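An overview of the molecular structure
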Amino acid sequence: MSIWTPQPAGLQEILQTIRDSTDTQGNVQRAITHKLNSFTRVPDYIAYLAYILTALPQEEDQIRTIAGYLLKNNARLLLNVSPEVAEYAKSAVLQAFISSPPLIRNAAGHDIVAFLGALEPRNWPDCLQQLVNMLDSPDPALQEAAFSVFEKACEDFPRKMDVEINGTRPLDYMIPKFLVLSEHPMPKMRSHAVACLSYFVPINSQSLFAHIDAFIACLFKRASDEDPSVRRHVCQALVLLLAARPEKLMPEMSNVAEYMLYSTKDKNESVALEACEFWLTFAEDPDLAAFLHPLLGRVAPVLLDCMIYGEDDLLWLDGDTEDTNVPDKETDIKPRHYGGKTHGLDRDQAETNGQERKRGAYGEETLDDEDEDDYDLDDDDFADEMSTEWNLRKCAAAALDVLAVRFGSELLNVLLGPLKNKLWSAEWLERESGILALGAMAEGCIDAIEPHLTTLVPYLINTLNDPKPLVRSIACWTLGRYASWCTQPISEQHKNLYFVPTMEGLLRMVLDDNKRVQEAGCSAFATLEEDAGPELVPYLEPVLRNLVFAFEKYQHKNTLILYDAVGTLADAVGRALQNPAYVEILMPPLTSRWAKLSDNDDDLIPLLECIASVTIAMGPAFSPHALPVFQRCVNIIHQSLLQYQAYQQNPDLDEPDKSFLVVSLDLLSGLAQGMGMHLESLIGQTSPNLLQLLTVCLKHPQAPVRQSAYALVGDLAMGCFQLLRPHLPAIMAELIEQLDPEPKVEFISACNNAAWSVGEVALRYGRDDPEFQQWVNPLIARLIPILLHPKAPRSLHENAAVSIGRIGLMHPNVVAPHLAEFAQAWCLALYEIRDNEEKDSAFRGLCTLVQTNPAGIAKSLLWFCNAIIRWHQPSAELNSMFQQLLSGFKHHDEAGWAAQVSSFPPVIQERLATRYGV
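Predicted model only: the values in this text are computed from it and were never measured.

Side note on the pattern of salt bridges
Tallied over the full model, the rule gives 36 salt bridges. As a salt-bridge pair, E760 and R764 come within 2.8 Å of each other at their nearest N and O atoms. Taken as a pair, E760 and R764 lie in helix α41 (residues 748-765) at a separation of 4 residues, close to a single helical turn. Overall, R764 belongs to the partly exposed group, its relative accessible area being 29%. E837 is the salt-bridge partner of R844, the closest N and O atoms lying 3.5 Å from each other. Residue R844 is classed as buried on the basis of its relative accessible area of 14%. Residues participating in the shared-partner salt-bridge network are E760, R764, R806, E837, D840 and R844.

Next up, the structure:
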């Protein structure tokens with residue numbers, strides 16, 4: 001094979017571009033980035049980069065290192081280059097790794113890891129062999145560098161390492177080698193050895209588990225290692241073993257627990273953090289609860305002590321400043337992902353043990369979204385306001401949260417004394433950690449804590465006056481965790497003692513002079529809004545005035561959170577917001593911001609999201625503001641579609657951000673819900689025509705766009721059907737196509753909205769409409785398999801069932817012959833859903849189908865009766881249909897009916913007799 005050599009002109013061009021990339025001016029950087037990206041189309045680009053890294057010692061190390069960095073980022077190009085280019089790049093980086101100064105060796109090491117990841121080790125076995133040989137090198141620096149490469153590779157792609165190559169498994173000789181090296185005199189070598197071994201635990205590598213006893217012995221031997229990095233990896237390995245093979249640790253659990261308790265208190269925070277992860281992992285596995293239970297009394301107080309801010313945190317947080325007038329750095333503002341509108345049904349609270357969706361946690365805390373454990377910590381809800389990286393304090397709080405869910409009152413009994421000491425401590429850091437713990441335990445321990453809330457809630461409200469901003473902010477978050485208790489309409493006294501003071505206290509924090517407190521206050525107030533709902537209506541004017549004043553006070557980051565609080569308020573109080581006085585308070589600051597933002601400003605997205613909620617709540621009272629909002633949304637949709645069309649024709653362009661398109665569709669949905677037929681004049685006045693654009697959106701390749709487009713179809717059907725009707729033949733073809741029994745994960749929400757919107761359209765056409773009738777069989781042919789599919793998401797089952805019921809209500813003669821096929825699954829899908837109009841119309845449809853084809857329900861009578869008695873307040877019309885059908889069954893065959901009902905569970909028999917006399 002010929003050896004690759006560079007062309008001088010090409011080499012100089014790439015070299016000069018890399019040199020220019022060290023210029024820090026933004027406009028220069030953008031041009032350089034574009035040029036570097038264009039080089040990826042040069043067939044031997046990676047060979048040039050490898051050449052600069054390896055063969056130009058006269059160049060500055062910085063330039064060669066940048067070439068190495070670019071090589072790592074473009075490693076996947078290896079898969080599509082000529083054999084000589086690939087061979088040159090591979091041999092060059094190995095050569096640079098073996099015989100270069102530390103900076104270049106480090107860059108080459110990263111390249112080797114990236115190459116192994118792209119090619120897979122089985123396609124570069126000589127690299128693995130050379131790295132293993134280097135572990136025995138007389139040069140300690142090369143030894144350690146080779147092991148560092150192994151550690152990164154084992155961490156990034158352990159499964160690719162655990163393969164057979166030419167009849168042998170490299171891990172079969174590498175694992176024993178790593179075990180021997182765990183005794184190496186150099187701490188870094190011991191650390192790499194334990195780390196590499198541990199990464200094969202989660203994938204159940206047979207090469208590792210063949211030596212499992214030796215591995216566990218190695219961990220116990222290294223547990224008291226003088227080097228904290230080694231101890232950290234020992235703790236990490238024990239965490240991974242607990243998650244993957246707990247039975248291997250159980251015989252030694254008392255020793256492991258002692259070690260982990262000791263390590264959780266290690267002075268080195270990275271060791272303590274890994275040890276703390278052990279308790280989080282332990283608590284998350286319900287099968288291990290019996291082993292964890294005896295340790296609760298010792299583990300929980302240790303976790304409580306870990307929740308105090310460390311010195312590094314306090315330096316980083318700079319928490320004492322009154323910084324409301326200090327502009328935010330752009331780096332403070334994390335990108336927000338706008339997901340689009342999804343149609344779902346609320347489940348009946350009584351039937352779900354009051355388990356509500358968890359919102360928020362740890363004030364400014366959050367969890368990394370990398371865990372794939374069955375115990376869902378609802379990471380998005382662990383608040384997006386993460387102040388620093390994942391640390392000991394957050395891990396301990398998360399572990400306490402899971403322990404509370406797992407052990408409830410038993411945890412509170414263990415912590416009551418220590419928690420009281422912290423809450424009433426003279427030291428503000430102790431008090432702050434106690435308030436964090438109280439919030440962390442809110443979900444799991446609520447029943448046990450509830451008797452104490454008459455003392456604790458006033459304590460928290462009083463703590464909002466603390467001079468320390470970090471104490472005020474955590475008190476906001478914890479009040480948010482108990483908002484559902486504060487907002488319960490128990491009595492006038494409860495409202496005056498707890499709800500009103502909490503509301504007033506949080507509103508004060510919304511206007512605090514510290515930005516962290518503003519953020520925590522605003523987030524907690526949004527939680528209170530969700531829980532209070534209509535209870536907030538009597539206080540709307542002061543609430544609105546406070547929130548509007550915050551618009552004048554807030555910097556960039558908190559303004560985005562304020563939009564969410566305003567939108568949540570609109571969702572909570574609904575049409576109470578259409579009072580002209582409230583419209584006059586709220587709309588000027590929103591329209592002022594609306595006017596300042598360009599159509600491609602990222603801040604427009606949360607503002608549009610907020611206005612969507614406001615339009616639904618204000619209804620026709622929004623009319624004076626509707627035309628400019630409507631026109632702008634149509635313009636954004638039109639421009640977004642044109643940009644996407646240009647991108648499809650020229651893939652070298654950057655893919656346009658779909659968020660602007662999605663949020664504009666959702667705001668139009670809000671206008672349709674709020675204004676109904678008042679939209680007619682707006683649709684007539686604006687160009688291009690919205691409904692023509694909507695038909696294009698339904699075919700958009702990106703699922704979130706289709707998802708919001710289907711939602712808009714349903715909302716237009718509900719609000720202004722006559723405007724939609726001429727376009728429905730084209731729309732229905734797309735809707736039917738979208739209905740899929742087992743959609744890909746990213747398509748579920750689009751499928752959900754499509755399933756819901758066809759039911760809305762069916763209702764609006766009316767009974768036995770000939771135009772809609774052409775679509776009934778194709779729809780039923782897709783909706784029934786969705787309903788019967790065991791792997792379809794529950795939300796999809798529910799929306800499919802509602803739409804089958806509604807189509808059945810309008811076209812019973814076409815749907816009724818299929819009743820026996822889906823009746824049981826239909827009843828199972830909807831019996832837990834909270835009473836509402838959607839459920840009512842769906843059940844009226846089912847009853848109409850049963851009237852049309854009584855034999856179709858015969859085999860599903862138990863499920864049908866169970867679904868009937870789960871209703872709390874059916875409409876008069878539906879209740880009459882239930883009565884008529886049940887009485888009909890009884891009178892048709894009294895003996896057969898009695899025999900069948902006698903086999904039903906007692907609660908069903910009792911309610912059927914009490915409510916319907918059958």
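A few points about a negative patch on the surface
On the surface, E269, E311, D312 and E389 cluster together to form a negatively charged patch. Residue placement: E389 occurs in the loop between α20 (311-317) and α21 (392-407).

Notes on helix α4 (residues 61-73)
For α4, spanning 13 residues, the distance from its first C-alpha to its last is 18 Å, which sits close to the expected 18 Å at 1.5 Å a residue. Buried within α4 we find I63, R64, A67, G68, L70 and L71. Around the axis of α4, the buried residues are gathered within 160° of arc, so they sit on the same side.

Examining the packing of helix α8 (residues 140-156) against helix α11 (residues 187-198)
Following both chains from N to C, one finds α8 and α11 inclined at 20°, their axes separated by 9 Å at the closest point. Taken together, the axes of α8 and α11 lie roughly parallel to each other. Where α8 crosses over α11, the two elements pack in a sense that is left-handed. Contacts between α8 and α11 pair Q143, E144, F147, S148, F150, E151 and C154 from the former with K188, M189, H192, A193, A195 and C196 from the latter. A breakdown of the residues in the contact of α8 with α11 according to their chemical character gives 7 nonpolar, 3 polar and 3 charged.

Section: the environment of F282
Tracing the sequence through the fold places F282 in helix α17 (residues 269-284). You can call F282 buried: its relative accessible area is 0%. Along the primary structure F282 and K557 are separated by 275 residues, whereas in three dimensions their C-alpha atoms are 36 Å apart. Not counting chain neighbours up to four residues away, the residues in contact with F282 comprise L242, M253, L288, F291, L292 and L295.

Re the environment of Q773
Within the secondary structure, Q773 sits in helix α42 (residues 770-788). For the pair Q773 and V814, spaced 41 residues apart in sequence, the C-alpha to C-alpha distance is 8.4 Å. Once you skip the residues sitting within four places of it in the chain, Q773 turns out to touch D768, H811 and V814.

Structural notes on the packing of aromatic side chains
One pass over the structure, following the stated rule, counts 24 aromatic pairs. Ring plane angle 20° and centroid distance 6.1 Å describe the contact between F889 and W897, whose orientation is recorded as stacked. The class for F889 is buried, based on a relative accessible area of 17%. Residue W897 is classed as buried on the basis of its relative accessible area, which comes to 5%. Put simply, the rings of W826, F843, W871, F882 and Y916 touch in pairs and so form one group of aromatic residues. Geometry around F209 places R245 over its ring, the cationic atom sitting 4.3 Å from the centre. Sitting above the plane of the W871 ring, K839 keeps its charged end 4.5 Å from the centroid.

Conventions used here
- Residues numbered from 1 in each chain as written.
- Predicted model: local features only at pLDDT ≥ 70, side-chain atom pairs only at ≥ 80, totals over all residues.
- Heavy atoms only, no water.
- Salt bridge = Lys/Arg side-chain N within 4 Å of Asp/Glu carboxyl O.
- Helix = DSSP H or I, 4+ residues; strand = E, 2+ residues; numbered from the N terminus.
- Buried < 20%, exposed > 50% of the residue type's maximum accessible area, 1.4 Å probe, protein only.
- Patch = residues over 30% accessible without salt bridge, like charges linked within 9 Å, V, L, I, M, F, W, Y side chains within 5 Å.
- Areas by Shrake-Rupley, 256 points an atom, 1.4 Å probe, with all protein chains shown as cover.
- Lys, Arg positive; Asp, Glu negative; His and termini not counted.
- Charge placed at Lys NZ, Arg CZ, Asp CG, Glu CD.
- Expected span 1.5 Å × (residues − 1).
- Arc of directions from axis to C-beta.
- Axes fitted to C-alpha atoms, helices over the stretch in contact; angles between N-to-C directions.
- Parallel < 35°, antiparallel > 145°, perpendicular 65-115°, else oblique.
- Left-handed = near helix turned anticlockwise from the far one by under 90°.
- Contact = heavy atoms within 4.5 Å.
- Nonpolar A, V, L, I, M, F, W, Y, C, P; charged D, E, K, R; others polar.
- Phe/Tyr/Trp six-rings, centres within 6.5 Å; stacked < 30°, edge-to-face > 60°.
- Lys NZ or Arg CZ within 6 Å of the ring centre and 35° of its normal.

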